[in-house]
Amino acid sequence: MTTIPSMIPSPQQTKNSIDMRPIYIPNYIPNPYYVRIFDTTLRDGEQSPGAAMTPQEKLDIARQLAKLGVDVIEAGFPCSSQDEFKAVKMIAEEVGNDVGDDGYVPVIVGIARCNQKDIETAWEAVKHAMRPKISTFIATSPIHMEHKLGKSKEEVLEIACKMVKFARNLGCHDIQFVPEDATRSERDFLYQILGEVIKAGVTTVAIPDTVGITMPWEYGRLIADIKANTPGIENVVLSTHCHNDLGLAVANTLEGVRVGARQLEVTINGIGERAGNASLEEIVMALKCKRYDQFDGLYTGINTQQILKTSKMVEKYTGMYLQPHKALVGANAFVHESGIHQDGWLKHKATYEIILPESIGIRRSKGDGYVLGKLSGRAALRKRLEELGFQLKDDEINKVFFNFKALGDKKKRVTDEDLRTLVSNEVTHIEPIWKLGDLQVISGTLGFPSTTIRLINMNGSTHVACSIGQGSVDSALKAVNFIVKEPIKLVEYSVTTIKNGIDGIVTTYVVICRENSNYESTSTLSQENVHPTFSGTAAGTDVVVSSVEAYIAALNKLLGSKE
């Protein structure tokens, strides 16, 4: 028989501090304000289609979950395959025995159906952990009992009690019981089966919203009713387990803890079966943000500065990539684009950020936290230009801002290189080296488009060239290159039209750089060699003429720039 050692309080824990992690007792939490976090990323999370992981990857994530400070790690379903058994056993033996300086070591769980083979296999996988636990489940809703199990309520009740006793006889004294599809189960039967398995020796009962059908007020009422009507419920820990089919997993979980649940089952990034599970990061930070005004001082033992690192590891190993707007850990979670928001944020971060990104492990440098686009205002533009080293006067800012807004209409994001180019356009006055004289284009279906062009040099000399190309613009730009004789690469080319009939104005925007040259610098962010780029814009009723003029404007900047 394996006994569960009690955790000896550290000197810090002997102080009267509400934020300390209490000693682990399977069926009881000594501090009524403490909430256990039960992470099922490695079991329910892995059930996401395409999210399967190798045993080594699961071990790596389990190590990181321990750094995160989760109380319970559901390591997997040992009976499902040999690899799964191996992974759970590795986690139990290594992570389940890695005791921290404060006495913390996570509980390691193996899940099992209510049958002897599953339970025996789960116990073999987890029994070498310092705190092993079995979570066993059986369906209790009418639709599941009839169509999936083909069993009566009496049969299900008998199996559940028998299997809990079987697990205890194997030597497991920390057992969780899960009535699958609890939210669609008949209340009286739910109270009855929970009461009987408590008598049989379970330490935790989890109430799953298996199909994610429940509204928050319904789920909260269910938890409250179970507390009020289940015999012996005061002798076990009550847990939530919510799925996200209607996008309510987090809301339901928070309502569950608000009315008395003290263990919350969650996954990193909210991954899981179908639409996923309640998201650990959202639950933990919601409790932290609203701890006193909504949750009466409830707290967890999570080291929130490990959240981002854990999220990224799970994202990488599972291939379940996050949408940019994912709360807290999505790429856009702490990025501001609206001019009004940027202005407020630059004056005081708390105007539009409810938590510090550093609190979940995000480390920002200058320029992070806001992006420049068509919605940005002067305050954000000025701030970013200052960060890039430009100290501009108000009239210069106004000149840059006008073209910045025009560029923002064409591009989703205005980059730092774009800003440098805009400053060069409006503030740095370079004497034109080449000007367009005349231009003639021949195009159609009878041959390749051709262009004859005459350019005037700054010394007054005239140069003429002809070229053919894949299109009219292509042939015209090639003709320019024949005269200038510079190895130019066209990086970007775009045309916008003011819709006003066939004689509408077109605006052309081009970006160029030197090709195969030594003119390069190193990006401080990516540490990659990059070529300086130069842009030009022009407008007119003829798209070819507009394109050539924009190209020559960019070319003059390139030729006039210092190495």
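Residues numbered from 1 in each chain as written. Predicted model: local features only at pLDDT ≥ 70, side-chain atom pairs only at ≥ 80, totals over all residues. Heavy atoms only, no water.

Draft legend 1. Looking closely at the overall build of the protein chain. Scanning the protein chain for helices and strands turns up 16 helices and 16 strands. Expressed as a percentage of the 563 residues in the protein chain, the buried residues total 51%. As displayed, the protein chain has an accessible area near 26600 Å², and 52% of this comes from carbon and sulfur atoms. (Helix = DSSP H or I, 4+ residues; strand = E, 2+ residues; numbered from the N terminus. Buried < 20%, exposed > 50% of the residue type's maximum accessible area, 1.4 Å probe, protein only. Areas by Shrake-Rupley, 256 points an atom, 1.4 Å probe, with all protein chains shown as cover.)

Draft legend 2. Highlighting the sheet that holds strand S8 (residues 263-266). Taken in spatial order, the eight strands close into a barrel running S1-S2-S3-S4-S5-S6-S7-S8, and their pairing is parallel. When the angles between neighbouring strand axes are averaged without regard to direction, this sheet yields 25°. With four bridges joining them, strand S1 (residues 36-39) and S8 adopt parallel strand pairing. By the bridge assignment, Asp39 is partnered in S8 with Val266. Of the strands in this sheet, strand S5 (175-180) and strand S6 (204-209) are in contact with helix H6 (residues 187-200), which crosses S5 at around 165°. (Pairing = 2+ DSSP bridges. Axes fitted to C-alpha atoms, helices over the stretch in contact; angles between N-to-C directions. Contact = heavy atoms within 4.5 Å.)

Draft legend 3. Quick look at the pattern of salt bridges. Applying the stated rule across the entire model yields 27 salt bridges. Where Asp19 meets Arg291, a salt bridge forms, and the shortest distance between an N and an O atom there is 2.8 Å. Placement of Asp19 in the segment before S1 and of Arg291 in the loop between helix H9 (280-289) and helix H10 (307-318) is noted, with a sequence separation of 272 residues between them. A relative accessible area of 12% places Arg291 in the buried class. Arg187 serves as the salt-bridge partner of Asp225, at 2.6 Å between the closest nitrogen and oxygen. With Asp225 in helix H7 (residues 216-229) and Arg187 in helix H6, this pair connects stretches of sequence that are 38 residues apart. (Salt bridge = Lys/Arg side-chain N within 4 Å of Asp/Glu carboxyl O.)

Draft legend 4. Quick peek at the packing of aromatic side chains. A full pass over the atoms with the stated rule returns two aromatic pairs. Geometrically, the ring pair formed by Tyr34 and Tyr299 is edge-to-face, given 5.3 Å between the ring centres and 75° between the ring planes. Taken together, the residues Tyr34 in the segment before S1 and Tyr299 in the loop between H9 and H10 connect sequence positions 265 residues apart. Between Phe77 and Phe137, the ring centres sit 6.4 Å apart and the planes meet at 75°, which makes this aromatic pair edge-to-face. Linking Phe77 in the loop between strand S2 (72-76) and helix H2 (82-94) with Phe137 in strand S4 (residues 132-139), this pair joins segments that are 60 residues apart in sequence. Note on accessibility: Phe77 and Phe137 belong to one class, buried. (Phe/Tyr/Trp six-rings, centres within 6.5 Å; stacked < 30°, edge-to-face > 60°.)

Draft legend 5. Region of the structure containing the sheet that holds strand S10 (residues 450-457). An order of S9-S10-S11 is seen for the three strands of this open sheet, with the pairing classed as antiparallel. A strand with exactly one partner marks an edge of an open sheet, and here the two such strands are strand S9 (434-442) and strand S11 (462-468). Strand after strand, the sheet turns through a mean of 20° between neighbouring axes, direction not considered. Across seven bridges, S10 lies against S11 in antiparallel orientation.

Draft legend 6. Representation of the packing of helix H15 (residues 472-484) against helix H16 (residues 543-560). Their axes nearest at 10 Å, the elements H15 and H16 cross at an angle of 35°. The element H15 and its partner H16 pack so that their crossing is right-handed. Residues Ser472, Val473, Ala476, Leu477, Val480, Asn481 and Val484 of H15 form the contact with H16, whose own contacting residues are Val544, Ser547, Val548, Tyr551, Leu555 and Leu559. Of the residues assigned to the contact of H15 with H16, the class counts are ten nonpolar, three polar and no charged. (Left-handed = near helix turned anticlockwise from the far one by under 90°. Nonpolar A, V, L, I, M, F, W, Y, C, P; charged D, E, K, R; others polar.)

Draft legend 7. Representation of the side chain of Asp44 in the model. Along the chain, Asp44 falls in the loop between S1 and helix H1 (55-68). With residues near it in sequence (within four places) discarded, Asp44 still touches His241, His243, Gly272, Glu273 and Asn277.

Draft legend 8. Molecular detail of H2. Its 13 residues place the ends of H2 18 Å apart at the C-alpha level, agreeing with the 18 Å of an ideal helix rising 1.5 Å per residue. The secondary structure elements touched by the buried residues of H2 are H1, S2, strand S3 (107-113) and helix H3 (116-126). (Expected span 1.5 Å × (residues − 1).)

Draft legend 9. Broad picture of a nonpolar patch on the surface. Taken together, Leu490, Tyr493, Val495 and Val543 make up a surface patch of nonpolar side chains, about 280 Å² in accessible area. Per element, the largest residue contribution to the nonpolar patch is three residues, and it comes from strand S12 (residues 488-497). Within the secondary structure, Val543 is located in helix H16. (Patch = residues over 30% accessible without salt bridge, like charges linked within 9 Å, V, L, I, M, F, W, Y side chains within 5 Å.)

Draft legend 10. Here's a closer look at unusual backbone geometry. Phi is positive for Asp181, which is not a glycine, with a value near 60°. Counting through the fold element by element, Asp181 comes out in the loop between S5 and H6. Overall, the relative accessible area of 0% leaves Asp181 in the buried class. Despite not being glycine, Asp296 shows a phi value in the positive range, around 50°. For Asp296, a relative accessible area of 62% gives the class exposed.

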